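# Observations on the three-dimensional arrangement
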Amino acid sequence: MKALPNILTSLRLVLALFMFVALATAAGGTPWLSERLTMEQQFSLQRWAFIAFVIAATTDWFDGWLARKMDAVSVWGAILDPIGDKVLVCGAVLGLMALGPQPLVLLPAGLILFREFTVSALREVGAGKGVKLPVTLLAKWKTALQLTALGAELFVASWGAFGLSQTPGLLGPVTVTAHALFWLAAVVTLITGAQYWEQTRKALAVG
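The structure contained in this document is the topic of the report that follows. A quick note: this is a predicted structure, and the numbers were derived from the prediction, not measured. (Residues numbered from 1 in each chain as written. Predicted model: local features only at pLDDT ≥ 70, side-chain atom pairs only at ≥ 80, totals over all residues. Heavy atoms only, no water.)

## Quick notes on the overall build of the chain
Of the regular secondary structure elements, the chain holds six helices and zero strands. If you list the helices and strands of the chain from N to C, you get α-α-α-α-α-α. Its C-alpha atoms give the chain a radius of gyration of 18 Å, within 12% of the compact-globule value 17 Å for 207 residues. By the burial criterion, 41% of the 207 residues in the chain qualify as buried. Within the chain, contacts between residues at least 6 apart in sequence are counted, and of these 80% link residues at least 24 apart. Approximately 11300 Å² of the chain is accessible, and the part contributed by carbon and sulfur atoms is 74%. Charge centroids of the chain, computed over 15 positive and 11 negative side chains, lie 8 Å from each other. (Helix = DSSP H or I, 4+ residues; strand = E, 2+ residues; numbered from the N terminus. Rg over C-alpha atoms; globule rule 2.2 N^0.38 Å. Buried < 20%, exposed > 50% of the residue type's maximum accessible area, 1.4 Å probe, protein only. Contact = heavy atoms within 4.5 Å. Areas by Shrake-Rupley, 256 points an atom, 1.4 Å probe, with all protein chains shown as cover. Lys, Arg positive; Asp, Glu negative; His and termini not counted. Charge placed at Lys NZ, Arg CZ, Asp CG, Glu CD.)

In structure tokens, the structure reads:
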């Protein structure tokens, strides 16, 4: 049973990969296969991709909670968990971009990816120097906000796949809410990135 948290984390990686491939295929990005899909099959892939994202995002909370509850915190889990988060976020961003041109999503998406890769590089450099970067409380909230915002954006981008009304009175407010959440997530993501940068700079200066 103590392996359950790591199993959930691994599941998140698998679901993230499935989500991205499904969205890319639905958007026409898979040679031979995409061109043979009917409209309903494309919509089905989008729905399954969204469901996979929601399940994967849920495991992000449960695996850590279970690891603490079951006293099953492990080195492997500590390594795999942030990788799973980043793969899920990056896969969702790329999948979102594959679904079509969305100008208001482009900038925050790029900033989020920039921060994630930069912090990963800082952690790698810091580890080589013996510097550890503890996860801050704001960074934990950042991940939750990112996943919520990406879920909202994926839902809006897949709106037609769920057969929902296209009336501006319904789609408009949902779209504005999703964009607002995504921009807020980008701002918080950049703030946490700056915090990690400053932590690394101070640690390396002392060393």
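There is more to say, and it comes next.
## Points about unusual backbone geometry
Despite not being glycine, Trp32 has its phi angle at roughly 70 degrees, a positive value. Among the structural elements, Trp32 can be located in the loop between helix H1 (4-26) and helix H2 (39-69). The class of Trp32 is exposed, set by a relative accessible area of 55%.

## Side note on the environment of Asp85
Following the sequence through the fold, Asp85 ends up in helix H3 (residues 75-98). On the basis of relative accessibility, which here comes to 14%, the residue Asp85 falls in the buried class. Between the C-alpha atom of Asp85 and that of Leu147, which follows or precedes it by 62 residues, the distance is 9.1 Å. Not counting chain neighbours up to four residues away, the residues in contact with Asp85 comprise Arg12, Asp60 and Thr143.

## What to know about the side chain of Thr200
Looking at the secondary structure, you find Thr200 in helix H6 (residues 168-206). A relative accessible area of 3% places Thr200 in the buried class. Once you skip the residues sitting within four places of it in the chain, Thr200 turns out to touch Leu122 and Leu133.

## Quick word on the nonpolar core
Counting 30 residues, the largest nonpolar core has Met19, Phe53, Leu88, Leu150, Leu154 and Phe182 as the members making the most contacts within it. Contributing elements (two or more residues each) for this core: H1, H2, H3, helix H4 (103-128), helix H5 (137-157) and H6. What Phe182 contacts, discounting residues up to four positions off in sequence, is Val105, Pro108, Ala109, Ile112, Ala149, Leu150 and Glu153. Formed by six residues, the second largest nonpolar core is a distinct cluster that contains Val119, Leu122, Val131 and Leu133. (Core = buried A, V, L, I, M, F, W, Y, C linked by side-chain atoms within 4.5 Å.)

## Thoughts on the environment of Thr192
Counting through the fold element by element, Thr192 comes out in helix H6. Between the C-alpha atoms of Thr192 and Trp141, which are 51 residues apart in sequence, the distance is 10.0 Å. The contact partners of Thr192, leaving out residues within four places of it in the chain, are Arg115, Leu138, Ala139 and Lys142. Only 3.0 Å separates the side chain of Thr192 from the side chain of Arg115, close enough to count as a polar contact. (Polar contact = N/O pair within 3.5 Å; in protein donor to acceptor, adjacent residues only side chain to side chain.)

## Thoughts on the packing of H1 against H3
Between H1 and H3, whose axes approach to 9 Å, the crossing angle comes to 15 degrees. Overall, the two elements H1 and H3 adopt an arrangement that is roughly parallel. As for the relative orientation of H1 and H3, their crossing is left-handed in sense. Its residues assigned to classes, the contact of H1 with H3 comprises 15 nonpolar, seven polar and three charged. (Axes fitted to C-alpha atoms, helices over the stretch in contact; angles between N-to-C directions. Parallel < 35°, antiparallel > 145°, perpendicular 65-115°, else oblique. Left-handed = near helix turned anticlockwise from the far one by under 90°. Nonpolar A, V, L, I, M, F, W, Y, C, P; charged D, E, K, R; others polar.)

That is the geometry; function is a separate question.
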